[in-house]
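Residues per chain are reported as follows:
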Amino acid sequence: APARSMARHPLFQVMLAFQNMPEARLDLMDFSVGLEPFDHGTAMFDLQFSLEERPGGGLLGTITYAADLFDRPTAQSIGERFERLLRAVAADPSVRLSEIDLLDPAERAQLLTTWAGDGAEPEPATIVALFEAQAARSPEAVAVTAPGTSLTYGELNARANRLAHALISEGVGPERFVALALPRSADLVVAVLAVLKAGAAYLPIDPDYPADRIAYMIEDAKPVLTITTETLTADLSSYPDTDPGADVRPDHPAYVIYTSGSTGRPKGVVVPHRNVVRLLASTEAWFGFGAGDVWTLFHSYAFDFSVWELWGALLYGGRLVVVPFGVSRSPGEFLELLVRERVTVLNQTPSAFYGLMGADREDPGLGARLGLRFVIFGGEALEPARLGDWYSRHADDAPVLVNMYGITETTVHVSYVALDEVTAASGRGSLIGAGIPDLRVYVLDEALCPVPPGVVGELYVAGAGLARGYLNRPGLTAERFVACPFGPPGERMYRTGDLGRWRADGRLEYVGRADLQVQ
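Fair warning: this is a prediction, and the values are worked out from it, not measured in the lab.

1. Notes on a negative patch on the surface
The grouping of E333, E336, E362 and D363 at the surface amounts to a negative patch. Among the secondary structure elements, E333 is positioned in helix 11 (residues 331-340).

Structure, rendered in structure tokens:
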């Protein structure tokens, strides 16, 4: 049997009481006796709705609510929606409950426009064009550092160009895939860039993947070729180091990343160049990334968080520090690297950051020397209450902690919220904030209708960040990338399978998975 909670009634939390007995009244010769309502000031349940027939017709309703769960405006809005439900049913008893709109017009407009976002997309471009422009502006600036290696923008561009020319000679081009099976290194960055310069999309294969998973990905994506460490040790000096000038367009695929589904069968998510470019352009106002920033390539390049790490650094003239795998698994060593390299932008899953917090607590003197501007969370649900330990040693703005909910199918990030010590101390759920400006985020019920603030629904995302779909899986693509009823004809929205709710202030809170799938 489940453990009993003293915080709620053990059998039910909401009660509806309907009183249709005649009103008790006693009339005597000189006076009358009747019932007077009595409020004993204590809520017996989370919510109690009391309805009473009135002698002249109609119903009189009252709501009693637990003040530690609801405030008066929330209880009042629940009552107003209940009244709309009753009026709709009274007007048409045959109406389906799913067809009744519980929102008033102003509330509906707020949810679908003000809070959801406007979805205005920045000017489309390619990763290649933006990188080559940056390399031309700062050829002598350091672009990538790794153990024993350092490449300037000019050197990185030249090495990637030679490899790109070699790939083109092997038939690589737009709408084709090239598999990468490489360890974390500067060569990995060269290979990714070369594939894009050749016009193709890269397929990252983590060398630690099980053999059967790698075999499935190769069979499914059918890459033109696979780049390994041996490929990069070959003599490419006969190929020119000039930009190859392949016909790369914003809608051409940049990468295909395989994610695990609830069935266990990996599915390849195809993401074009324009999605990555607009992700960075749409978040510039929040972060102000620039040439003075130092980023870490902390995550596996088979995890789409790495896309944000790679191009957040290289498209803005920053420096990318490749973190060796062993260091990424040692919080103490990683803290030392952050201080030594003067890293300013750190991207972390919450679980990885909790480990880093421990290292910072054990050596606060070292932690005090950090030069971070931002720590950006993604990849899993954040528990804000666990950040109190960090805030006990670091100011709210040194660095700013940012939570960004996201999904591979919507290009890394969907939402943004800057945190502070007060937010962390509240400990209420996983706050994920507001959508990125060029996206629209909806919280919908099973009938694809917007749910009121405070009500849990499924998160749907529309706008410029949506992937093409799943490679070779048209049925699954049609199931998850569905028609958007709130946009122009032909627009799609992605059904995330995640549950969330709007808070009263217009910010989103992540609740969990609808299907218990591990992303």
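Right, picking up where we left off after that structure.
2. Things to note about the pattern of salt bridges
Summed over all chains, the structure comprises 26 salt bridges. Two residues, R468 and E175, come together in a salt bridge whose shortest N-O distance is 2.7 Å. Taken together, the positions of R468 in the loop between strand 21 (457-463) and strand 22 (469-470) and E175 in the loop between helix 4 (153-169) and strand 8 (177-180) put the pair 293 residues apart, joining distant regions of the chain. Judged by its relative accessible area of 40%, E175 is partly exposed. The closest approach of N and O atoms between D389 and R393, which form a salt bridge, is 3.0 Å. Look at the salt bridges and you will find they share partners, linking D360, R361, D389 and R393 into a network.

3. Points about the packing of aromatic side chains
The full count for this structure, using the stated rule, is 23 aromatic pairs. With a centroid separation of 5.8 Å and 70° between ring planes, the pair formed by F287 and W308 is classed as edge-to-face. Here W308 lies in helix 9 (residues 305-314) and F287 lies in helix 8 (residues 273-287), a separation of 21 residues in the sequence. Judged by relative accessible area, F287 falls into the buried class, the value being 3%. W308 sits in the buried class, given a relative accessible area of 1%. Residues F287 and Y416 carry aromatic rings whose centres are separated by 5.7 Å and whose planes lie at 85° to one another, so their mutual orientation is edge-to-face. With F287 in helix 8 and Y416 in strand 18 (residues 415-418), this pair connects stretches of sequence that are 129 residues apart.

4. Some points on the domain arrangement of the protein chain
In terms of domain boundaries, the protein chain breaks down into domain 1 (14-109) and domain 2 (122-323). Each of domain 1 and domain 2 has a C-alpha centre, and these two points are 60 Å apart.

5. Quick word on the sheet that holds strand 5 (residues 59-65)
Ordered in space as 1-4-5, the three strands form an open sheet in which the pairing is mixed. Because the sheet does not close on itself, it has two edges, and the strands there are strand 1 (14-19) and strand 5. Going across the sheet, the axis of each strand differs from the next one's by a mean of 15°, ignoring polarity. For strand 4 (residues 47-53) and strand 5, the ladder comprises seven bridges, and the chain directions are antiparallel. If you follow E53 over to strand 5, its bridge partner there is L59.

6. Side note on unusual backbone geometry
Residue A398 is joined to P399 through a cis peptide bond whose omega torsion reads 0°. Relative to the helices and strands, P399 resides in the loop between helix 14 (388-391) and strand 17 (400-403). Here the phi dihedral of E175 falls at roughly 65°; this positive angle occurs in a residue that is not glycine. Unlike most non-glycine residues, N472 shows phi in positive territory, near 60°. Tracing the backbone shows N472 in the loop between strand 22 and helix 16 (474-480).

7. Examining the pairing of strand 8
The two faces of strand 8 match: F177 and A179 on one face and V178 and L180 on the other face are all buried. As paired strands, strand 8 and strand 9 (residues 201-204) are joined by four bridges and run parallel to one another. Bridge pairing in strand 9 places A179 opposite L203. The parallel pair strand 8 and strand 9 is bridged by helix 5 (residues 186-197), and the resulting crossover is right-handed. With three bridges connecting them, strand 8 and strand 10 (residues 225-227) associate as parallel partners.

8. Remarks on the nonpolar core
Counting 93 residues, the largest nonpolar core has L156, L180, I227, W308 and W311 as its most contacted members. Excluding residues within four positions of it along the chain, L156 makes contact with F131, A143, V144, L151, V189, V190, L193 and L314. V323, L346, F377 and V417 belong to the second-largest nonpolar core, a separate cluster that totals 31 residues.

9. Looking at a nonpolar patch on the surface
On the surface, a cluster of nonpolar side chains totalling about 360 Å² of accessible area is made up of L26, L28, F31 and V33. Among the secondary structure elements, F31 is positioned in the loop between strand 2 (25-27) and strand 3 (32-34).

10. Looking at the packing of helix 3 (residues 127-137) against helix 5
One way to put it is that helix 3 packs onto helix 5 with a least axis distance of 9 Å and a crossing angle of 120°. Where helix 3 crosses over helix 5, the handedness of that crossing is left-handed. Where helix 3 approaches helix 5, its residues I127, V128, F131 and E132 are matched on the opposing element by L193, L196 and K197. Each residue belonging to the contact of helix 3 with helix 5 can be placed in one class, and the counts come to five nonpolar, no polar and two charged.

11. As for the side chain of Q48
Mapped onto the fold, Q48 is located in strand 4. Within the structure, the side chain of Q48 is placed 3.5 Å from the side chain of S50, a separation counted as a polar contact. Not counting the four nearest positions on each side in its chain, Q48 is found in contact with M15, T62, I63 and T64.

12. Observations regarding helix 11
Those residues of helix 11 not exposed but buried are F334, L335, L337, L338 and V339. Following helix 11 by one or two positions, R342 adopts a phi angle in the positive range, close to 55°.

Rules behind the numbers
- Residues numbered from 1 in each chain as written.
- Predicted model: local features only at pLDDT ≥ 70, side-chain atom pairs only at ≥ 80, totals over all residues.
- Heavy atoms only, no water.
- Patch = residues over 30% accessible without salt bridge, like charges linked within 9 Å, V, L, I, M, F, W, Y side chains within 5 Å.
- Areas by Shrake-Rupley, 256 points an atom, 1.4 Å probe, with all protein chains shown as cover.
- Salt bridge = Lys/Arg side-chain N within 4 Å of Asp/Glu carboxyl O.
- Lys, Arg positive; Asp, Glu negative; His and termini not counted.
- Charge placed at Lys NZ, Arg CZ, Asp CG, Glu CD.
- Helix = DSSP H or I, 4+ residues; strand = E, 2+ residues; numbered from the N terminus.
- Buried < 20%, exposed > 50% of the residue type's maximum accessible area, 1.4 Å probe, protein only.
- Phe/Tyr/Trp six-rings, centres within 6.5 Å; stacked < 30°, edge-to-face > 60°.
- Domains from an automatic or database assignment.
- Pairing = 2+ DSSP bridges.
- Axes fitted to C-alpha atoms, helices over the stretch in contact; angles between N-to-C directions.
- Right-handed = clockwise from strand over helix to strand, strands pointing away.
- Core = buried A, V, L, I, M, F, W, Y, C linked by side-chain atoms within 4.5 Å.
- Contact = heavy atoms within 4.5 Å.
- Left-handed = near helix turned anticlockwise from the far one by under 90°.
- Nonpolar A, V, L, I, M, F, W, Y, C, P; charged D, E, K, R; others polar.
- Polar contact = N/O pair within 3.5 Å; in protein donor to acceptor, adjacent residues only side chain to side chain.

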